Each structure stands twice: as structure tokens, then as C-alpha cells.
Amino acid sequence: MALKSLVMVSLFVIPLVIISLGLLNSGWQLFVAYLVCGLGMAGIGMGVMHDAIHGSYSNSPKLNRLMAQTMNLVGANASVWRVQHNVLHHTYTNIEGADDDLNTPTFLRFTPDRILKNVHRYQHWYTWFFYALSTISWITSKDFVRLKRYADKGLIRKGKEYNLLLTKLIAWKAAYYTYALILPVLFSGFGWGMVLLAFLSMHVVTGISISLVFQTAHIMPETNFPSPCPKGDMNCNWTVHQLETTTNYAPDSKLFSWFIGGLNYQVEHHLFPHICHLHYPRIAKIVKRTTEEFGLTYHSIPTFEGALKEHARMLKELGRQKKLQFANSEL
């Protein structure tokens, strides 16, 4: 984890330093540098901060808290993500109205429990564009909107705690824009328009990378989208729920798995989020054997390419059918 953290943070920081020192001579070099930053941002998000915020980066709580700040380093917010991801997504996976990962703009339909609109018929074409813009939303408005919503829901205490989190959020955002955009504009030697375009291209790389990795784990034809009970409770065993709503992919691709922080072992991550992702390949063998023993579902797709095709098919189906029928409908 230390080596991975060094690699990912370096991929993000070093190109920005080179840009801000004015060491680049041509526009293509500027774009390449920012694109490398984008890979570093994606690597930090998937392979460093993700484990740290779950408390699985290290046995040391202090080190986990420190490495969780790498999310703030790349323009997002660790405190908001902890509520969105750890609390809501991991507890209520694929449940409309509870899993905040499904709380998307109305022109995106990621669950059969959302009202079907005519525009959804084309979402398997245009969703990819919004995936590319996803981290732009993150560094601008998304964290502020969700911080307020979580406070209104009582997930974050209003008053001193809320004001402190808001102050830190603003400070980190200001710092991010300073070293990722303003300093390059002032000192790179390139025009502000070119720097801004290169900055946006960085976020396209990050947005596409993160969105495809996370979305292919849950928005799939094989996964279930359970509805909550009338009282708001989940209608099944939590472990079974995670198995029914989560999919693995590309389990034999070691390099790919290393870069994306083991998120291709999404089943194991949802069952054991407190365990570092480096252990998932070995845990997966035990989990699969256990599900077979007890006759439980275990979703796994051999390749990432295959997972993307299945995700695209799911987007198309969600855009055309009011209520989808799933193999494991008893959930």
C-alpha cells in the first residue's frame, strides 16, 4: 500500500509541479502532463483513499485518517464521501432512495424503481459523456449539495460540526484549484484557455476511469435492485443483499486489479470493507466456495470488457422497460 500510494500521488503531483515550473515547451506536452495527473487522481481515488476511508489501509487509525485526506488532495471531500459511500451505499446497496450512488439527475435512470422518461431511451448513448464530466461536478457543486442534504437528514450534526466541515471543504477546494489550475495558468507559459482545456481533459480521464469501475459493479443485468419494506427496513439478510446486488469482473487481471484498488473484487469488498483490498484475491476463493456450499449467488464476469458490455446493455434495458424482471426476484 505504501508503494501504491507513492506511485499514485506522484502521478498526480509531479506533473503539476513540472507544469507550474514552466518546464514544458509545447501544447501536447501540457496535455500529456495533465492526462497523467488524471490517471494519478483515479489511482488515488480507487487505490489509496478508498481503503483509507474504510479504515482498511492500515491497522493504524491515525494513518487511515491521514491517507483519507488524499481525497481532499484531488478536489473531492473525504467527510462527504464517508457518508455517501460507507454509510449509504454499503448499507443500502442498489436500493432507490437510500443508496446515494443512485441519486442521479433525472435524465439518468440507474434503477428500475425510478420513473421512466422518454429521454432514458437514449441513455445508453449519452451516459458515457456524463461519466466523463462526473468529477467536474465533484470538484464544483456535488460536495456542497450533499453536505447540506446529509445535514438535513441528520447524518451530519448541524451547528459546530457542519460549520467546521463546510469551512474545511471550502479551504480544500480553494487549495485544489490553486495548485491544479491557477498556478499552471500563472506560471506554465501557456494561455489560460489551453491550460483550462488541459485541466478539463484531466478530469475526463478521471471521471471515465472511476465511473466505469464503480458502475460495472452494481448497474448490471445480473444484479438486483430491491425495494425497502414499508417501514424502510431491508427485506433480507445483509450478506445475501450484498451478494445479490454486486458483481465482480476481471478476477484474473492482476495489473488491472492493482491499479483500480481491487475494486474488480467488488463482492469481497462489500462483504469485508474493513479488510485491505490486497487480500481480496485470496478471500475471493473462500467466498466463492462458501456461496456454492450454501447455494447463494456469486456474480463474476471474466473480463472488464465483458462487464462494460453488460453495463451498456443494462443502461439500454433501464431506458426502455418500466420495471425489469431479474433472475433473483425473491429479494
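Refer to the structure presented above.
Now for a quick tour of the structure. Model, not experiment: these values are computed from the prediction.

Observations regarding the pattern of salt bridges
Argument step 1. A full pass over the atoms with the stated rule returns 10 salt bridges.
Argument step 2. For the salt bridge of Asp100 with Arg149, the shortest nitrogen-to-oxygen distance reads 2.9 Å. Remark: Arg149 occurs in helix H7 (residues 134-152) and Asp100 occurs in the loop between helix H5 (78-91) and helix H6 (123-132); sequence separation between them is 49 residues.
Argument step 3. Under the relative-accessibility criterion, Asp100 is labelled buried at 7%.
Argument step 4. When the shortest N-O distance is used, the salt bridge between Glu317 and Arg313 registers 2.9 Å. On the criterion of helical spacing, the pair formed by Glu317 and Arg313 is a turn pair, its members being 4 residues apart in helix H14 (residues 304-318).
Argument step 5. A relative accessible area of 21% means that Glu317 is categorised as partly exposed.
Argument step 6. A relative accessible area of 36% places Arg313 in the partly exposed class.

Let's talk about the packing of H6 against H14
Argument step 1. Taken N-terminus to C-terminus, the directions of H6 and H14 make an angle of 120 degrees; their axes are 9 Å apart at the nearest point. Classed by the angle they form, the pair H6 and H14 counts as oblique. For the pair formed by H6 and H14, the contact residues are Gln123, His124, Thr127, Trp128 and Tyr131 on the first element and Leu308, His311, Ala312, Leu315, Lys316 and Leu318 on the second.
Argument step 2. When grouped by side-chain class, the residues that make up the contact of H6 with H14 number 6 nonpolar, 4 polar and 1 charged.

A word on the packing of aromatic side chains
The geometry of an aromatic ring pair comes down to the distance between the two centres and the angle between the two planes.
Argument step 1. Considering all chains together, one arrives at 15 aromatic pairs under this definition.
Argument step 2. Ring geometry for Phe107 and Tyr126: centres 6.4 Å apart, planes at 65 degrees, overall edge-to-face. Here Phe107, found in the loop between H5 and H6, pairs with Tyr126, found in helix H6; they are 19 residues apart in sequence, far enough to count as distant.
Argument step 3. By relative accessible area, which is 28% here, Phe107 ends up partly exposed.
Argument step 4. Taking the relative accessible area as the measure of exposure, Tyr126 reaches 18% and is therefore buried.
Argument step 5. With a centroid separation of 4.9 Å and an interplanar angle of 40 degrees, the aromatic rings of Phe256 and Phe304 are classed as tilted. In this pair, Phe256 sits in helix H11 (residues 254-259) while Phe304 sits in helix H14, placing the two residues 48 residues apart along the sequence.

Describing helix H1 (residues 2-20)
It helps to recall that an α-helix has 3.6 residues per turn; residues three or four apart then point in one direction.
Argument step 1. With 19 residues, H1 should cover 27 Å at 1.5 Å per step; its first-to-last C-alpha distance of 26 Å lies within 8% of that length.
Argument step 2. Where H1 bends most, the angle comes to about 35 degrees, and this point is Ser10.
Argument step 3. Among the residues of H1, those classed as buried are Lys4, Ser5, Met8, Phe12, Pro15, Leu16, Ile19 and Ser20.
Argument step 4. With its phi angle positive at about 70 degrees, Gly22 sits one or two positions after the end of H1.

Scoring rules and cut-offs
- Residues numbered from 1 in each chain as written.
- Predicted model: local features only at pLDDT ≥ 70, side-chain atom pairs only at ≥ 80, totals over all residues.
- Heavy atoms only, no water.
- Salt bridge = Lys/Arg side-chain N within 4 Å of Asp/Glu carboxyl O.
- Helix = DSSP H or I, 4+ residues; strand = E, 2+ residues; numbered from the N terminus.
- Buried < 20%, exposed > 50% of the residue type's maximum accessible area, 1.4 Å probe, protein only.
- Axes fitted to C-alpha atoms, helices over the stretch in contact; angles between N-to-C directions.
- Parallel < 35°, antiparallel > 145°, perpendicular 65-115°, else oblique.
- Contact = heavy atoms within 4.5 Å.
- Nonpolar A, V, L, I, M, F, W, Y, C, P; charged D, E, K, R; others polar.
- Phe/Tyr/Trp six-rings, centres within 6.5 Å; stacked < 30°, edge-to-face > 60°.
- Expected span 1.5 Å × (residues − 1).
- Bend = angle between axes of the 7 residues up to and from the residue.

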